[in-house]
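# A closer look at the structure
Letter by letter, the chains look like this.
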Amino acid sequence: MRQLLVRNALVVALLTQYSGCVIAGEFVSAGGGAELQRKELLSFPAQPLDKALVAFARATNQTLVYDPVEVSRYQAPALSQPQSVLAGLRRLLSQSPLQVKSHANGWIITPVTPTTVTTQPQKVASADTAMEEVTVTASYSSSLNKARQQKRFAPQTQEVVMATDIAEFPALNIADALNRTPGVSVERDRGEALFVSIRGLPTQFNTLSVNGLPIAANENVRTSEQYGRRFHYDTLPAELVAGVEVNKTTMASDFAGAIGGSVNISTYRPLTLGKRQFAFKAMSSESPLANHRDPRFSLLGNWVNDLENVGVMVAATYARRHVRQDRVLSFDWVINDGDAIGKQGDIYYTPNIRPTQEQEDRHRFGLSAAIDWQRSSHQLITLSYLGLSQSIDYDENSYSADYDYTQLDPDSALWDGNILAGGVTQSGSVQISRETAGLRDDSHSVTLEHVWRNGKWEWQSQLGVSVATSSNDDPIKRTRLRREGDVNLSFYYNPQQPSAIPAIEYRNIDLLAASDFPGRRLEWRENTIHDSQHFANFHFSKAIAWSGFTGLEAGLLIQRHERKYRRRDVIFTAGIEDEYFAQSSFYINQSQFLENLSQPLPTQWLVPEQQAFWSGIVDQALRQMPPTQKDLFNSYRVAENTNSAFVQLNFDYPSVWGNVGTRLVNTYQSSHGYFVETSDVSTITPVSFKSDYYHFLPAANITVAVSPAWQLRGGISRALSRPDLPDLAPRLTLNSGDDLTAKGGNPYLLPIQAWQLDVSAELYTGDNGVFALSLFYKKLDSFIQSDFSQLLVNQKSYMLQGKSNGGNASVYGVELTYQDALNPFSQPHHQLGYNLNVTLTGSKATYQQGNNKWEDALEGVAKRTFNVELYYETALWAIRANYNRTSEILQQTELSTIPARLSAPFGALSLHASYKLSPHVVLFAEGMNLLKQAEYDYVLNGYITNYTYYGHTLSAGVRITL
């Protein structure tokens with residue numbers, strides 16, 4: 001019945017769309033562009049032209065494209081009841097040397113006599129992101145001014161990043177560029193931004209759309225950890241992006257699913273670029289730690305016919321990146337009863353330390369293409385494609401120091417209160433291992449869009465599909481050799497500097513001697529994850545004039561999201577367990593391990609040659625084997641059908657404008673997998689779970705222009721964030737290592753719901769100045785928390801980590817933004833500018849485990865994010881510096897057996913310098929993480945659990961535009 005209703009709704013919408021096209025065609029044929037014959041009941045006093053155009057755009061629901069700096073120089077005469085939109089615009093421009101002409105998406109205002117300008121047009125009163133020409137001839141300061149203009153007149157609180165902003169700072173992907181935006185921070189992986197956080201909230205609380213539409217997300221295939229709905233920004237090159245909007249408040253017309261905020265990325269469109277052009281960028285990058293020079297190329301071509309009603313755009317990128325990171329991991333700090341060693345109360349310790357060296361060779365491809373056809377002055381049809389691909393050759397090697405705290409030598413234990421900071425054992429263990437894998441992410445999105453405008457009416461339909469596949473194109477292969485139970489070793493953390501890496505010393509073995517390490521086992525794994533989004537979106541709007549209300553919007557979204565996860569594991573012990581191998585079966589890891597530190601631990605060790613251990617194993621034969629019970633435990637399928645509809649009223653009174661509306665969301669979920677019915681893993685049962693829920697999500701936004709410079713904003717909304725798909729799956733993943741841990745899903749999880757309140761004051765000064773102060777508050781109901789319990793499988797007790805809806809939480813904070821530019825030497829084309837933004841976020845959450853309840857900060861919330869930027873530019877050269885810093889983040893609240901774990905503060909300095917050889921050629925050089933900062937996590941009083949160092953990156957290149 002549900003499918004029938006959805007199908008009927010889709011058919012009706014498509015028929016309505018087709019009928020609208022036919023009616024529009026007949027109307028134009030009969031009326032000869034009747035929309036310009038319509039009389040607009042408008043009256044404006046004489047005022048500055050820029051303010052008049054903004055008021056006109058809002059009142060008529062028209063999109064105007066113009067240069068705000070040029071327009072701000074002129075006055076507009078009084079306007080009273082123009083006979084048409086065109087007549088009204090011509091009247092407003094009558095006292096300026098400007099002209100107006102129809103454009104695919106509205107109206108373009110340009111000088112009557114073309115002149116060379118340093119800025120690009122700015123869209124006003126449009127839902128689309130402002131798009132610059134890809135030639136990026138605009139200065140950085142003028143780009144900031146255009147972004148400021150869009151922010152000022154946006155219908156909700158938002159930040160805007162434009163093409164010039166992206167091009168003029170180092171960015172391995174688009175999230176690196178967003179990291180300079182007020183209130184935005186990133187979560188990094190191997191020195192590259194992977195996920196985005198808005199206002200310090202957990203990364204899973206925000207959503208990403210491309211050109212306003214959903215996009216499928218890739219999944220992690222390196223380890224057992226799954227990232228769920230979060231988009232992997234490391235797959236999206238910055239060069240394919242024309243602009244970005246970061247929405248911090250919600251409108252009813254926004255898709256549901258975000259609490260922290262939403263990010264909308266715009267790709268280039270041919271008729272919006274508006275002319276024939278070609279751009280090429282080539283650069284070379286090097287990470288001294290990885291000791292490789294890597295190429296990076298991008299190009300864009302745009303063609304528009306002479307009638308300017310058909311356009312084709314193609315943009316492509318290729319980048320190679322070698323990555324090395326040196327790590328020290330001390331997994332599984334735990335809380336235990338001290339009675340076993342005569343220590344009163346609970347004790348805190350970690351049973352292992354693992355120095356690790358990781359290397360990657362990444363190849364990333366991106367392709368964006370679009371075809372625009374302006375069928376008539378009323379209709380625009382766009383077909384667009386976005387393809388992303390990333391392949392990674394991964395190589396990891398490590399050694400370990402494992403010990404039992406009850407077997408330490410008498411009097412050797414070093415205690416920092418109840419924290420075990422060091423000791424000596426005669427019964428330790430050491431494992432040397434190597435892991436290699438091929439990791440591949442592919443994503444393809446195709447969208448067909450049709451826009452019909454006729455007078456006060458607009459109808460937009462979008463049909464599309466987005467598919468993301470993640471897999472191991474070369475299986476994960478782990479080679480383990482282990483000396484067990486007789487190693488004399490010592491370990492020490494420094495209680496005076498607990499964040500320093502621990503010291504390790506081996507007294508009866510040599511990490512470079514193959515004869516000291518018998519074989520243990522080989523582990524083989526393949527992951528294949530398929531994520532798909534199919535959607536149909538229909539949006540209707542009508543300009544009205546009723547008691548201050550200027551527009552009515554309504555829409556329908558039909559969306560199907562499906563995730564299929566397949567995993568296969570095989571473990572081999574025959575031919576390797578307790579066997580010794582020749583020295584030629586190993587090599588020594590790269591030297592200068594942790595060269596940035598004084599090394600209190602061994603820096604060289606044996607690394608297995610994979611060919612010597614895996615030559616007799618055929619991958620294809622393993623792939624053809626039927627899945628085992630363990631494979632079925634790990635695999636699942638989750639489908640999510642979402643139907644939502646919204647209605648929204650836009651209002652515009654003198655000095656007051658905004659919107660109010662609501663969205664109704666129906667979500668139907670089904671999850672399929674396998675559960676263990678008894679402690680015997682040979683007994684499994686296929687299971688499926690279904691859920692169906694409705695949510696009513698009202699939203700309102702208001703802006704009050706207190707004076708020509710000051711304005712106040714307010715926003716209130718009800719929002720939801722759905723559980724990650726892996727957490728909804730009936731799955732069970734058992735750790736294949738020494739630690740008996742497991743992860744499972746919970747099909748009964750419910751979405752997190754929240755009320756959101758945002759209030760801000762904004763002051764706009766001069767051409768570039770803006771000061772903004774925002775206060776925000778979010779009240780979360782039944783947030784999702786981690787649970788830990790014991791699970792007996794095959795007579796072994798595993799620590800099972802699952803998810804459940806916990807208590808309530810609140811997140812609150814303040815955001816400060818200050819931006820300005822000046823000409824200190826009164827020289828033409830010279831600009832000295834600075835941007836400063838700070839976000840302070842607090843949180844309070846009630847956690848629940850069994851009958852126990854406690855309060856702590858909300859997991860994943862950054863208390864402080866800070867960003868400062870300084871730039872100086874002339875007509876020929878420019879230099880820009882940026883420093884951003886994120887404070888500590890609570891990653892895991894303390895439980896009965898696990899201490900709280902936090903990410904330490906991290907800051908990064910970037911620098912960009914450029915020189916313009918000619919109007920078409922620019923040379924540039926840039927650097928990232930120039931302070932060579934490392935990332936680490938810690939527990940208790942700062943004791944390190946995860947230290948990661950990847951060094952800095954230097955680049956140089958050229959941009960050519962024609």
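Residues numbered from 1 in each chain as written. Predicted model: local features only at pLDDT ≥ 70, side-chain atom pairs only at ≥ 80, totals over all residues. Heavy atoms only, no water.

### Considering the confidence of the model for the protein
The criterion, for reference: A score between 0 and 100, pLDDT records how confident the predictor is in each residue. By the convention used here, residues are in contact when the closest approach between their heavy atoms is within 4.5 Å.
Looking at the protein, the pLDDT average stands at 86 and 89% of residues meet or exceed 70. Contacts from residues 4-41, a stretch scored under 50 in pLDDT, to residues over four places away or in other chains number 50 contacts. For residues 113-138, every residue scores under 50 in pLDDT, and the model assigns this stretch 90 contacts once sequence neighbours within four places are set aside.

### A look at the pattern of salt bridges
As a reminder, the rule being used: We define a salt bridge as a side-chain nitrogen of Lys or Arg found within 4 Å of a carboxyl oxygen belonging to Asp or Glu. A run of H or I in DSSP counts as a helix once it spans at least four residues, and a run of E counts as a strand once it spans at least two, with each numbered from the N terminus. Any residue under 20% of the maximum accessible area for its type is buried, any over 50% is exposed, and the rest in between are partly exposed; the area is computed with a 1.4 Å probe on protein chains only.
Across all of its chains, the model carries 54 salt bridges by this definition. With its nearest N and O atoms 2.7 Å apart, the salt bridge here joins Arg229 to Glu640. Residue Arg229 is located in the loop between strand S13 (213-214) and strand S14 (241-247), and its partner Glu640 is located in strand S32 (residues 636-653); the two are separated by 411 residues in the primary sequence. Judged by relative accessible area, which is 4%, Glu640 ranks as buried.

### Points about a nonpolar patch on the surface
Put simply, the test is: Patches here are clusters of residues that have more than 30% relative accessible area and form no salt bridge, with a 9 Å joining cutoff for like charges and a 5 Å cutoff for nonpolar side chains (Val, Leu, Ile, Met, Phe, Trp, Tyr). With residues, only the protein chains shown are counted as cover, and all accessible areas are computed by Shrake-Rupley using a 1.4 Å probe.
Together, Trp303, Val312, Val314, Leu367, Ile371, Leu383, Val446, Leu448 and Leu463 line one region of the surface with nonpolar side chains, adding up to about 670 Å² of accessible area. Put simply, the parts of the chain that give the nonpolar patch at least two residues each are strand S18 (310-329), strand S21 (352-373) and strand S25 (419-454). Look at Val314 and you get partly exposed, because its relative accessible area is 36%.

### Quick notes on unusual backbone geometry
Even without being a glycine, Ser655 presents a positive backbone phi close to 70°. A positive phi angle, close to 55°, is found at Lys932, a residue other than glycine. Mapped onto the secondary structure, Lys932 falls in the loop between strand S50 (921-928) and strand S51 (935-939). Residue classification places Lys932 among the partly exposed residues on the basis of a relative accessible area of 43%.

### Observations concerning the side chain of Ser433
Note the cut-off: N or O atoms closer than or at 3.5 Å make up a polar contact, with two conditions inside protein: a donor-capable atom paired with an acceptor-capable one, and, for residues adjacent in sequence, both atoms drawn from side chains.
With respect to the helices, strands and loops of the structure, Ser433 is situated in strand S25. Polar contacts involving the side chain of Ser433 include one to the side chain of Ser398, which spans 3.0 Å. Reaching out from Ser433, the side chain makes a polar contact with the side chain of Arg480 at a distance of 3.4 Å. Not counting chain neighbours up to four residues away, the residues in contact with Ser433 comprise Glu396, Asn397, Ser398, Thr479, Arg480 and Pro608.

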